[in-house]
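Architecture and fold: a report
The primary structure of each chain is shown beneath.
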Amino acid sequence: MNYFSSNFKLGILGGGQLGKMLLTETRKFDIHTCILDPSEEAPCKVGSNEFQIGDLMDYDAVYNFGKQVDVLTIEIENVNVNALEDLEKEGVQVYPSSTTLRTIQNKATQKLFYVDHNLPTAPFSRFAYTVEIEDAISNGGLDYPFVWKSAQFGYDGTGVKIVRELKDLEHLPNVECITEKLIPFKNELAVIVARNPSGEIKTYPVVEMEFHPEANQVEYVICPARISEAVAKKATEVALKVAQAFNHVGLLAVEMFQTEEDDIIINEVAPRPHNSGHQTIEASYTSQFEQHVRAVLDLPLGNTANKLNGIMVNLVGAEGHAGDVVYKNIENIMAMDGVTPHIYGKKQTRPFRKMGHVTIVNEDIAEARKIAENVKNSIQVITE
């Protein structure tokens, strides 16, 4: 099939920053793109060929949109899976598949999938409602500390809480959820796996993630991870096994913990471009966004090696600021060598909202990490 400068249409469900960065690649290749998103203000509104307003969880909106395109992909998991299932039956190519999305959308079914496929993950319990947890604690079925996760619709630190005592359960939503044993770990790692329908498969170098202690959001993504070759090999093998189990097409970001004993256990996965791969735009031969396009269109996959070491810093809204955004001191960071800001196009900031990211590339990873800290301390995402 001719994808380039043709009548072919690639549909993307979701019009956020991940979609916006995908559009950089589709424009490079002159691939006609159609976007569905509920917001008039979506970052993708500018770069797509066709932009439609619609609720991604609404069956009719997703089904009718999917009927107009040749290949359908996502930049967010929370979409109507029943519509995708029917579109697949009618011959629309949907990547990732409705089956994969159905499993991943719910953290309980995602965890059961790992258990069923002998994939390493933390021990867990599932609950229909958060209020049931108290009984499990008093009956001795559950010990502190544990991690509470809402089964659906969690993202970027929302829907996750470490519970060390009973009062930590207060104010949590009374929803379907899981509790996981809190495993002491040295590192949070991630591997992005790319696979096309023909079965070609490639992995990006293992990255290490440093988290903000309060917001539970990634502050720095460091590539390559500062770990031994043996641990990197183990993490890559686990990620490949996960992608194989899902028979996944597109990108699959596999987030993992490196335990104190250097075992690797799966935290969770995302079947799309991911925060842990943003540095690939500047640091890799093939960015994760170009790779996702290549994978879902069954094109040859690109080289995943690093050209340089890369560190990504998330730009999030400063606390105490909500309203029209101002990027204070952005000129200062643009004067630094190897520093590239990416602004997502969200006009309104609020505390901890993802507004952009900055990539730092350098031949020396320690130097890159120092510059990243400098970037983090210089730029502020505020209001006037």
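Scope of this entry: the structure provided in the associated data block. (Residues numbered from 1 in each chain as written. Predicted model: local features only at pLDDT ≥ 70, side-chain atom pairs only at ≥ 80, totals over all residues. Heavy atoms only, no water.)

**Remarks on the state of the cysteines**
Put plainly, two cysteines are in a disulfide when a covalent bond ties their sulfur atoms together. For clarity, the threshold we go by: Counting rule for disulfides: a pair of cysteine sulfur atoms within 2.5 Å. Relative accessibility decides the category of a residue: with a 1.4 Å probe and only protein chains considered, values under 20% of the type maximum give buried, values over 50% give exposed, and everything between is partly exposed.
Overall, the coordinates contain zero disulfides when judged by the stated rule. The closest cysteine sulfur to the non-disulfide-bonded cysteine 44 is located on cysteine 34, 12 Å from its own sulfur. Judged by its relative accessible area of 0%, cysteine 44 is buried.

**Points about the sheet that holds strand β6 (residues 124–127)**
Going by this rule: Think of it this way: DSSP has to see at least two bridges between two strands before they count as a pair. Helix numbering and strand numbering both begin at the N terminus, where a helix is a DSSP run of H or I of at least 4 residues and a strand a DSSP run of E of at least 2. To obtain an axis, a line is fitted to C-alpha atoms, over the contacting stretch when the element is a helix, and the angle between two such axes runs from 0 to 180 degrees between their N-to-C directions.
Taken in spatial order, the four strands make up an open sheet running β6-β9-β7-β8, and their pairing is antiparallel. Each edge of the open sheet carries a strand with a single partner, namely β6 and β8 (160–163). Direction aside, the axes of adjacent strands within the sheet are offset by 20 degrees on average. Examined bridge by bridge, strand β7 (residues 146–150) and strand β9 (residues 177–181) share five bridges and lie antiparallel to one another.

**Let's talk about the sheet that holds strand β1 (residues 9–13)**
Strands sit in the order β3-β2-β1-β4-β5 across an open sheet of five strands; the sheet is parallel. Each end of this open sheet is capped by a strand with a single partner; those strands are β3 (50–53) and β5 (93–94). Here five bridges tie β1 to strand β2 (residues 32–37), and the two strands are oriented parallel to one another. When the bridges of β2 are listed, lysine 9 appears paired with histidine 32.

**Description of the packing of aromatic side chains**
Aromatic ring pairs are defined here through the distance separating the ring centres and the angle between the ring planes. Stated precisely, the cut-off is as follows: Planes of paired rings set the category: under 30 degrees apart is stacked, over 60 is edge-to-face and the rest tilted, where pairs are Phe, Tyr or Trp rings (Trp by its six-membered ring) whose centres lie within 6.5 Å. Two thresholds decide whether a charge sits over a ring: the Lys NZ or Arg CZ must be within 6 Å of the ring centre and within 35 degrees of the ring normal.
Throughout the structure, instances matching the rule amount to eight aromatic pairs. With a centroid separation of 5.9 Å and an interplanar angle of 10 degrees, the aromatic rings of tyrosine 144 and phenylalanine 146 are classed as stacked. Since its relative accessible area comes to 1%, phenylalanine 146 is described here as buried. Taken together, the ring pairs connect Tyr3, Phe4, Phe8 and Phe29 into an aromatic cluster. The residue whose ring lies beneath arginine 369 is tyrosine 220, and the NZ or CZ to ring-centre distance is 4.1 Å.

**Describing the environment of glycine 277**
Heads up, the condition is: In this description, contact between two residues means that some pair of their heavy atoms is separated by no more than 4.5 Å.
Within the element layout of this structure, glycine 277 appears in the loop between β15 (264–270) and α8 (280–283). Glycine 277 sits in the buried class, given a relative accessible area of 0%. Expressed as a C-alpha distance, the spacing of glycine 277 and valine 207, which sit 70 residues apart in the sequence, is 8.3 Å. Setting aside its immediate chain neighbours within four residues, glycine 277 contacts Ile192 and Gln288.

**Regarding the nonpolar core**
Cut-off, in case you're wondering: Definition used in this section: a nonpolar core is a set of buried Ala, Val, Leu, Ile, Met, Phe, Trp, Tyr and Cys residues joined via side-chain atoms within 4.5 Å.
Within the largest apolar cluster, 23 residues are counted, with the highest numbers of intra-cluster contacts made by Val242 and Val269. Mapped onto this core, the elements with two or more residues apiece are α5 (107–116), β10 (185–195), α7 (229–246), β14 (250–259) and β15. Of all the elements, α7 adds the most residues to this core, at eight residues. Discounting chain neighbours no more than four positions away, the residues touching valine 269 are Glu77, Ile104, Gln110, Tyr114, Val242, Phe246, Leu252, Ala253 and Val254.

**A word on the packing of helix α3 (residues 81–89) against helix α4 (residues 98–105)**
Applicable threshold: Roughly parallel covers angles under 35 degrees, roughly antiparallel covers those over 145, roughly perpendicular covers 65 to 115, and oblique covers all other angles. Note on convention: the crossing is left-handed when the near helix lies turned anticlockwise from the far helix by less than a right angle, right-handed when the turn is clockwise. Residues are grouped as follows: Ala, Val, Leu, Ile, Met, Phe, Trp, Tyr, Cys and Pro are nonpolar; Asp, Glu, Lys and Arg are charged; all remaining types, including Gly, are polar.
Viewed as axis vectors pointing N to C, α3 and α4 meet at an angle of 165 degrees, and their least axial separation amounts to 9 Å. Of the possible angle classes, the one that applies to α3 and α4 is roughly antiparallel. Considering the relative orientation of α3 and α4, their crossing is left-handed. Seen from α3, the contacting residues are Val81, Asn82, Leu84, Glu85 and Glu88; seen from α4, they are Ser98, Leu101, Arg102 and Gln105. Looking at the contact of α3 with α4, its residues break down into three nonpolar, three polar and three charged.

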